[in-house]
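Report on the structure
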Amino acid sequence: MDQVQDGEAQLMYLTREQERILSGEEGWVKAKALRVIVKVGEALGADELVKIRHAHVSGISYTNIGEPGLKFLEELAENGAEATVYTTSNPTCIDLAGESSLIDQGYLDQQLLVNKALEKMKIKPTYTCLPYMLRPPSPHEHLTWGESNAVAMANSFYGARTNREGGPIALLASITGYIYNAGLHKLEERCVKTLIKYEDKLDDLTASLLGLWIGENIDEIPMIELSTIPRIQDVKLLLASAAATGSHALIVIKGLTPLKTYIEDINDKITIRRKDLIRTYKDNIWSGKNYSLAYIGCPHLSATETLRIIKLLEKKYDRTMGKIILSIPPLVSSLFRKELEALRNKNIEVITGTCPVVARFKYRPDIIVTNSGKAFFYLRKLHRLDVRLASLNSIIG
Amino acid sequence: MIDKIIVDGYCRAEAVVIDHKISFFGEVNPRTGKTTEDIYIGGKALIFPGTRGSTVGTYIIYGLKYYGHEPACMIVYEAEPILIAGAILADIPLFLVKREYKELVKHVKNKEQSIILHERGREVLIVE
C-alpha cells in the first residue's frame, strides 16, 4: 500500500503521526482509511485533520447496505481494522428482541453478519440512534457521527463539533481516529444567520411541527428563541424533524446551546406562532379516535423517557384506541425488562435496537400515528404509508 | 486537461457519458454493473457530472468492484465524499475535469466510439 499515488498531489498539512499511518506503518487498512479521510478533506478544502473522541457509525442496516455493504465491512474486519476511538452503532433492520409483529425478520441472518463484523472491529453493539445517551459529548469536542438526529443533538444541545457524515466516513474516522477540519468543526462555520422566535407552548407535537417547518423553510443555521425552557425530549423531536426535512446539523437554541460554541451574524428575523404551524400541517395532524398503529420512539426513547412512558401507560392507556409500538435501545430494554414485559401483555409492542424507517414491514398498517416529525417524514417517503402526527397524550388517550 | 487526480491509476477504456448526477444507491446495480437506464458501466471510462443521494453509494461503488463490474476509471466535473470514498476503497482511478468537461463530453458524444487513455502520474487524458 503506497501512501500517495504518483500523480496525486498532497494539499493538507499532516503531522508525523498521520504521515506514519498514511505510509502504512500501522497496516494497510488503516493507511487506506486515512487516505480516504485526507482525500475527502482536501476536496472539502480542509487544511488539517483533527483528533476525534467518539465516532457513531450509521448505514449498518442490511436493508440499505445490502450484500456490497456487508462484504465491505467483513473485509475490513478480516483485515484487522479496529475502532481506535469510542465507537457506537446505529439501529439495525431487525428487532433484536425478535418479537415484533411489524418488523420483518427476513434479513435476520444477514444483519447478524453485519453486526458480527462491526463487533469484530470493536464497535460497541449499542444499535441506537442516541449515541449521546451512552457518552454525552463535551462542548467543542470533535466527533464523527452519522445519523442526522444525533448530529443535530451533538452540535446544538451539547455544543460538540461534527458534520453530518455518512456511514462509511464515520467508520473510517473511527479506524483512524481523525477527521478533516472542515465545516462544523470550525467555529467560523458555526455562524447563526436567522433568528426564529416561537413564543407559544412547546409540547412534543408542536416541537415536531416546528422542526418540520424549519427543515422545509430555513436554509442557513438558525437560532430559536423560545419563551420557556424546553424539555429535552421536545428538543430531540424538534432537531430530528428539522434534520429530516432539511440538511440541518446545527440549530442553536438560545439559552440551551452552550455559549461560545457558535457565533452570531443575524440578518433575518422570523416569528412563528403555534397557530401557524397547526394551520400549515392541519391535514397531517391526527384527529380520529382510533389508529391501527401508534409509533413512539423516533429517535429512540432514552432510559428516562422510557420510564416516564411506562408510568404513563400503566396509569392510563385505552387499548381500544389501537396498538402502540415503542422503539428503544437494547440498553434500555435490559434496564426495564420486567416493566416492559408487563406492557407487552397490554397491546403494547416494544422493539429493540431497530428502526422502522430502515426495516421492512410484515404488513402495511392503514394509519400510523406518531409524535415524531422525523418518523412522519420518512415513513411517508420511504414506505409510502399514511402517517399522521399527534401528541403522546392524545395517543395514549 | 485533468484538473485534479483524486485517485491515480492506469486506464484504457471505451468512454461512456452519463448526462446527470448519479445516485449509485438506487441507480446502479452492483451485481449487474448496469444503471437504471440499462447502461453497462463495467470496464468503461465513465464520464458524469458527479454524485448525489445516499451515502450508501460508497458501498455500491465498492460492490461494483466486488462483483467485477467496476468502471476502468471515473471522470467527473464534481467530486464529493460518497464518490471519493468509494473510488479509493475500490481502487478505481478518479479524475476531476472542470475546465474542459464540456468539450470532453461533446467530443465523446460526437464519435461512434471513443477510447480514453490515462497513464499513471500524467495530468492528461488521451482521447482516441
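**Observations concerning the overall build of chain B**
Helix and strand content of chain B: four helices and nine strands. Shown N-terminal to C-terminal, the secondary structure of chain B runs as helices and strands in the order β-β-α-β-β-β-α-β-α-β-α-β-β. By the compact-globule yardstick of 14 Å for 128 residues, chain B fits well, its C-alpha radius of gyration being 13 Å. Across its three principal directions, the C-alpha atoms of chain B cover 30 × 30 × 25 Å. For chain B, the residues scored as buried account for 55% of the 128 residues in total. Partitioning the contacts of chain B with sequence separation of at least 6, the portion at a separation of at least 24 is 72%. Accessible surface, chain B as shown: approximately 5,500 Å² in total, 48% of it carbon and sulfur.

**Structural notes on the domain arrangement of chain A**
All names here are of chain A. Split by domain assignment, chain A resolves into domain 1 (16-185), domain 2 (190-280) and domain 3 (284-396). Each of domain 1 and domain 3 has a C-alpha centre, and these two points are 27 Å apart. Contact residues are listed per partner, giving 28 residues for domain 1 and 29 residues for domain 3. Around 2,200 Å² of area is buried between domain 1 and domain 3 when both sides are counted, 59% of it from carbon and sulfur atoms. Within the residue set of the side of domain 1 that touches domain 3, elements represented by two or more residues are helix H3 (62-78), helix H5 (131-134) and helix H6 (148-156). Residue composition of the side of domain 1 that touches domain 3, grouped by class: 13 nonpolar, eleven polar and four charged.

**Some words on the packing of aromatic side chains**
Throughout the structure, instances matching the rule amount to ten aromatic pairs over all chains. Ring geometry for Phe72(A) against Tyr62(B): centres 5.0 Å apart, planes inclined by 75°, an arrangement best described as edge-to-face. With Phe72(A) in helix H3 and Tyr62(B) in helix H2 (residues 57-66), the pair connects residues from two separate chains. Of the two residues, Phe72(A) and Tyr62(B), both sit in the buried class. Here Tyr132(A) and Tyr158(A) contribute two aromatic rings whose centre-to-centre distance is 5.8 Å and whose plane-to-plane angle is 40°, an arrangement assigned as tilted. Taken as a pair, Tyr132(A) in helix H5 and Tyr158(A) in the loop between H6 and helix H7 (167-176) lie far apart in primary sequence, 26 residues in all. The two residues Tyr132(A) and Tyr158(A) agree in class, both being buried. Through a chain of ring-to-ring contacts, three or more aromatic side chains come together here, namely Phe72(A), Tyr59(B) and Tyr62(B).

**Regarding the sheet that holds strand E3 (residues 86-89) of chain A**
Residue and element names in this part refer to chain A. Read from one edge to the other, the open sheet built from three strands follows the order E3-E2-E4, with strand pairing classed as parallel. Either end of the sheet is taken by a strand with one partner, and the two such strands are E3 and strand E4 (143-145). If you compare each strand with its neighbour and ignore which way they point, the axes differ by 10° on average. When strand E2 (residues 54-57) meets E4, the two strands line up parallel, connected through three bridges. Pairing of His-56 across the sheet is with Trp-145, part of E4.

**Some details on the sheet that holds strand E14 (residues 387-389) of chain A**
Residue and element names in this part refer to chain A. With respect to topology, five strands assemble into an open sheet ordered E12-E11-E10-E13-E14, the strand pairing being parallel. With one partner strand each, in any of the chains shown, strand E12 (348-352) and E14 form the two edges of the open sheet. Strand-to-strand, the axes of this sheet are offset by a mean angle of 25°, without reference to chain direction. The pairing of strand E11 (residues 323-328) with E12 spans five bridges and is parallel. Looking across to E12, one finds that Ile-325 is bridged to Glu-349.

**Observations concerning the interface of chain B and chain A**
At the junction of the two partners, chain B supplies 25 residues and chain A supplies 28 residues. When chain B packs against chain A, the two sides together hide about 2,400 Å² of surface, and 68% of this comes from carbon and sulfur. By the criterion of area lost to chain A, the three top residues of chain B are Tyr59(B), Tyr62(B) and Ile88(B), representing 29% of everything that side buries. Across the contact surface, chain B and chain A share two salt bridges. Close ionic contact of Lys4(B) with Glu42(A) constitutes a salt bridge, the shortest N to O distance being 3.5 Å. Between chain B and chain A we count three residue pairs in polar contact (both at pLDDT 80 or more) in total. When residues of the side of chain B that touches chain A are traced back to their parent elements, those giving at least two are strand E1 (4-7), H2 and helix H3 (81-89) of chain B. Of the residues contributing to the side of chain B that touches chain A, the split by class is 16 nonpolar, four polar and five charged.

**Description of the packing of helix H11 (residues 303-315) of chain A against helix H13 (residues 337-344) of chain A**
Residue and element names in this part refer to chain A. In the contact formed by H11 and H13, the axes pass within 11 Å of each other and the chain directions differ by 40°. The angle between the axes of H11 and H13 places the two elements in the oblique class. The chirality of how H11 crosses H13 is left-handed. Contacts from Thr-306, Ile-310 and Leu-313 in H11 reach Glu-339, Leu-340 and Leu-343 in H13. Residues belonging to the contact of H11 with H13 are distributed by class as follows: four nonpolar, one polar and one charged.

Rules used throughout
Residues numbered from 1 in each chain as written. Chains lettered and ligands numbered in written order. Predicted model: local features only at pLDDT ≥ 70, side-chain atom pairs only at ≥ 80, totals over all residues. Heavy atoms only, no water. Helix = DSSP H or I, 4+ residues; strand = E, 2+ residues; numbered from the N terminus. Rg over C-alpha atoms; globule rule 2.2 N^0.38 Å. Buried < 20%, exposed > 50% of the residue type's maximum accessible area, 1.4 Å probe, protein only. Contact = heavy atoms within 4.5 Å. Areas by Shrake-Rupley, 256 points an atom, 1.4 Å probe, with all protein chains shown as cover. Domains from an automatic or database assignment. Buried area = accessible area lost by both parts, 1.4 Å probe. Nonpolar A, V, L, I, M, F, W, Y, C, P; charged D, E, K, R; others polar. Phe/Tyr/Trp six-rings, centres within 6.5 Å; stacked < 30°, edge-to-face > 60°. Pairing = 2+ DSSP bridges. Axes fitted to C-alpha atoms, helices over the stretch in contact; angles between N-to-C directions. Salt bridge = Lys/Arg side-chain N within 4 Å of Asp/Glu carboxyl O. Polar contact = N/O pair within 3.5 Å; in protein donor to acceptor, adjacent residues only side chain to side chain. Parallel < 35°, antiparallel > 145°, perpendicular 65-115°, else oblique. Left-handed = near helix turned anticlockwise from the far one by under 90°.

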